[in-house]
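Structural characterization, general
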Amino acid sequence: MILYHGSNTIIDKINLALCKPYKDFGKGFYLTDIRSQAEDMAIRRVRLAGTGSPVVSSFEFDEKLLNGNLLRTLIFPDVSVEWAKFVLDNRDLERKGFSHDYDIVVGPVANDTVAFQLRRYLLGVISLEDLVKELEFKGLNNQFFFGTELAISKLQRL
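Predicted model, so just to flag it, every value in this text is computed and none were measured. (Residues numbered from 1 in each chain as written. Predicted model: local features only at pLDDT ≥ 70, side-chain atom pairs only at ≥ 80, totals over all residues. Heavy atoms only, no water.)

**A closer look at the pattern of salt bridges**
Considering all chains together, one arrives at 4 salt bridges under this definition. Close ionic contact of Arg-91 with Asp-24 constitutes a salt bridge, the shortest N to O distance being 2.7 Å. Pair noted here: Arg-91 is in helix H2 (residues 81-91) and Asp-24 is in the loop between strand S1 (2-7) and strand S2 (29-31), with a separation of 67 residues, a long-range link. The exposure class assigned to Asp-24 is buried, which follows from its relative accessible area of 3%. We note a salt bridge from Arg-72 to Asp-103, for which the minimum N-O separation is 3.1 Å. On the criterion of sequence distance, the pair formed by Arg-72 in the loop between strand S3 (55-60) and strand S4 (73-75) and Asp-103 in the loop between H2 and strand S5 (104-107) is long-range, its members being 31 residues apart. Assessed through its relative accessible area of 43%, Arg-72 is described here as partly exposed. With a relative accessible area of 3%, Asp-103 lands in the buried category. (Salt bridge = Lys/Arg side-chain N within 4 Å of Asp/Glu carboxyl O. Helix = DSSP H or I, 4+ residues; strand = E, 2+ residues; numbered from the N terminus. Buried < 20%, exposed > 50% of the residue type's maximum accessible area, 1.4 Å probe, protein only.)

**Describing helix H1 (residues 35-49)**
When the terminal C-alpha atoms of H1 are compared, their 21 Å separation across 15 residues agrees well with the 21 Å that a helix rising 1.5 Å per residue should span. For H1, the full list of buried residues reads Gln-37, Ala-38, Ala-42 and Val-46. Each element contacted by the buried residues of H1 is listed here: S1 and S3. Downstream of H1 by one or two residues, Gly-50 has phi in the positive range, about 70°. (Expected span 1.5 Å × (residues − 1). Contact = heavy atoms within 4.5 Å.)

**Re the sheet that holds strand S6 (residues 143-146)**
Read from one edge of the open sheet, 4 strands run S2-S6-S5-S4, paired in mixed fashion. Across the chains shown, the open sheet's two edge strands, defined by having one partner strand only, are S2 and S4. The mean inter-strand angle of the sheet, taken between neighbouring strand axes irrespective of direction, is 15°. By the bridge criterion, 3 bridges tie S4 to S5 in an arrangement that is parallel. Counted as the bridge partner of Leu-74 is Val-105 from S5. (Pairing = 2+ DSSP bridges. Axes fitted to C-alpha atoms, helices over the stretch in contact; angles between N-to-C directions.)

In short, the description is geometric, and any link to function would need to be established separately.
What follows is the structure, encoded as structure tokens:
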């Protein structure tokens, strides 16, 4: 399968140390199997960084590895309570020591109001079920988190 990463710079070598924490699935390298999603992310990244040009880097990945024993994987086929709890744990700034031990996590992208919705849930304003509904991104999306050097080693730059 081909996976795409949208950025404001070309990615020739992936450096996990440069990845930001507190993302949907934690600190790691994120890709998608939807090229248009990566293109949109590249444009967004340029706007946020205020520098660079939109670039989509492509990588080949053997999707059979998602079901094998070599990598620890977690797959969320759809938005669910379990997915919302996982996103909540990874985005919680109060849980500075939180991390999981998955090499790869696959699932939906939480929408752009994640921080606001998580605060509402933590304050008891909305239920967990309402949080799931609020976090669901409207439109086709998917993300692949690569969080370990072992996982990164399975990506081949195209």
